[in-house]
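Structural description and commentary
Residues per chain are reported as follows:
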Amino acid sequence: MSLTGLPFLLVVLVLTVAALVWGAVRLPARRRTVATVVTRLLTQLGVSALVLLSVAVVMNNQNGWYASWGDLFGTGGTSTVRQSSGGTSAEAALQDTPKGPGLGSPVPVASLPPLPSPGQRVQTFTFTGSRSGLSGRVMVSLPVGYEDPANARKTYPVIMAFHGYPGAPDVWMQGVNLVPSLDSLAGQHKISDVVVVAPQLEFPAGADTECVNGGTGQPQVETWLADDVPQHLATLLRVSRDRTGWAALGFSSGGWCAAMTSMLHPDVFGAGVILGGYFAPIFGNSYVPFHPSDPAAKRYQLVSLATTAPPPVALWLQTSKADSLSYSSSAEMLKAAHAPLSIQSQVDISAGHRISVWADAVPTALTWLGSTVNGFKPTA
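Residues numbered from 1 in each chain as written. Predicted model: local features only at pLDDT ≥ 70, side-chain atom pairs only at ≥ 80, totals over all residues. Heavy atoms only, no water.

With that settled, the discussion passes to helix α6 (residues 178–187). Within the sequence span of α6, burial applies to L178, V179, S181, L182, L185 and A186. Relative to the axis of α6, the buried residues are bounded by an arc of 160° and lie together on one face. Trailing α6 by a residue or two, H189 shows a phi angle of about 60°, which is positive. (Buried < 20%, exposed > 50% of the residue type's maximum accessible area, 1.4 Å probe, protein only. Helix = DSSP H or I, 4+ residues; strand = E, 2+ residues; numbered from the N terminus. Arc of directions from axis to C-beta.)

Encoded structure:
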């Protein structure tokens, strides 16, 4: 019987209800002896376990964390079923010059302000975007040696990292294997030293904005992410101004955000890494910023964009045939892509929709970034 789907869920629910009914009907009639006390205790523990199991099965069906019994117990593996590409080569995509202002001319290093937390790798900035009007928090992880006087004139490429929902920028500093993988790969000269930027995505806190610009009176999150955050941080840190030195990366809904910002703003982002993401926004009931037929909604249909006006961006995506949230639109994107868009993909066999899967894929994605995108290639 499959781990996901209705049959297993019904079996668990029936067992839970049966245990509850048996405990309610049978146990009160028994005399209080050692045996009945032990029976009551075991029954209560069993019912509690079944209730928790029922909740876990329902949540797993909704979120697709584990796709099969083998995925759950680690016996099924997440072996890659194929590595395929779509569109043109990454090199060709990055040689193109997209329309747009980009990040402009570099700010003189001498005019940059001091770091808010000198001597620390993790810095936190809070500011109001000049274009979006949003006030938010941005966490930054600096590479080893950023404050070394010997590197005082060195500029660094940037990975802007988007978390899933619910979540917070802190996840990139505490898990998901991003910063440790960057340190390790930089030490092996497989990627340059990189500044990691993790911006706030939820406005207000707890809202699943899907990183889009809403209508009048609603948060302009795309503008905050693609314009305000890069422009502002470029006046605070020694970072590249070239689009080949900027990449968007995210998992789950953050993968959608990474795809959206890189494909709609190729003048800023030359590359995107999408882990278990998708290619059109998926809004919850609590926040619907525009009607599906509105022009704003059509703007965010990235498969259609790849078909009609593909941007010159290099993408790397991970998905799984067992990932119901990610696989369908990812497969459509691979079919739709054509020059000057470039896509490299890793499609796993039975991986679920969860952080441990994406953390395992991070080193492969970063190695691709360091070997393919000029701004991230290690220097001798």
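On to the pattern of salt bridges. This model, assessed by the stated rule, comprises five salt bridges. The residue D193 makes a salt bridge to K154 at a minimum N-O spacing of 3.4 Å. Residue D193 is located in the loop between α6 and β5 (195–199), and its partner K154 is located in the loop between β3 (135–141) and β4 (158–162); the two are separated by 39 residues in the primary sequence. Given a relative accessible area of 26%, D193 falls into the partly exposed group. (Salt bridge = Lys/Arg side-chain N within 4 Å of Asp/Glu carboxyl O.)

Moving on, we get to empty space enclosed by the protein. Applying the stated rule across the entire model yields one cavity of 30 Å³ or more. Volume-wise, the largest cavity comes out at about 70 Å³. Around the largest cavity sit 13 residues that line it, and Y165, L201, D208, E210 and S253 are the ones nearest its centre. Residues that form the lining of the largest cavity fall into these classes: five nonpolar, five polar and three charged. (1 Å grid on protein atoms, 1.4 Å probe; cavity = no way out; pocket = protein on both sides within 12 Å on 5 of 7 lines; lining within 4 Å. Points joined across faces, edges and corners; volume = space filled by probe spheres on them. Nonpolar A, V, L, I, M, F, W, Y, C, P; charged D, E, K, R; others polar.)

This brings us to helix α12 (residues 355–372). Relative to the 26 Å expected for 18 residues at 1.5 Å per residue, α12 spans 25 Å between its end C-alpha atoms, a close match to the ideal helical length. The largest bend along α12 reaches roughly 35° and is located at V362, with the proline P363 sitting one to four residues downstream. Turning to α12, its buried residues number three or more, namely V357, W358, A359, A361, V362, A365, L366, W368, L369, G370 and T372. (Expected span 1.5 Å × (residues − 1). Bend = angle between axes of the 7 residues up to and from the residue.)

Glancing now at the packing of aromatic side chains. Given two aromatic rings, their pairing is described by the distance between the two centres and the angle made by the two planes. Counting across every chain of the model gives 10 aromatic pairs. Ring geometry for F127 and W224: centres 5.2 Å apart, planes at 35°, overall tilted. Note that F127 is positioned in strand β2 (residues 122–128) and W224 in helix α7 (residues 221–233), a separation of 97 residues in sequence. Note on F127: relative accessible area 8%, which makes it buried. For the pair W256 and Y300, a centre-to-centre distance of 6.3 Å together with 75° between the ring planes defines the contact as edge-to-face. Of this pair, W256 sits in helix α8 (residues 253–264) while Y300 sits in the loop between α9 (295–299) and α10 (302–308), and the two are 44 residues apart along the sequence. (Phe/Tyr/Trp six-rings, centres within 6.5 Å; stacked < 30°, edge-to-face > 60°.)

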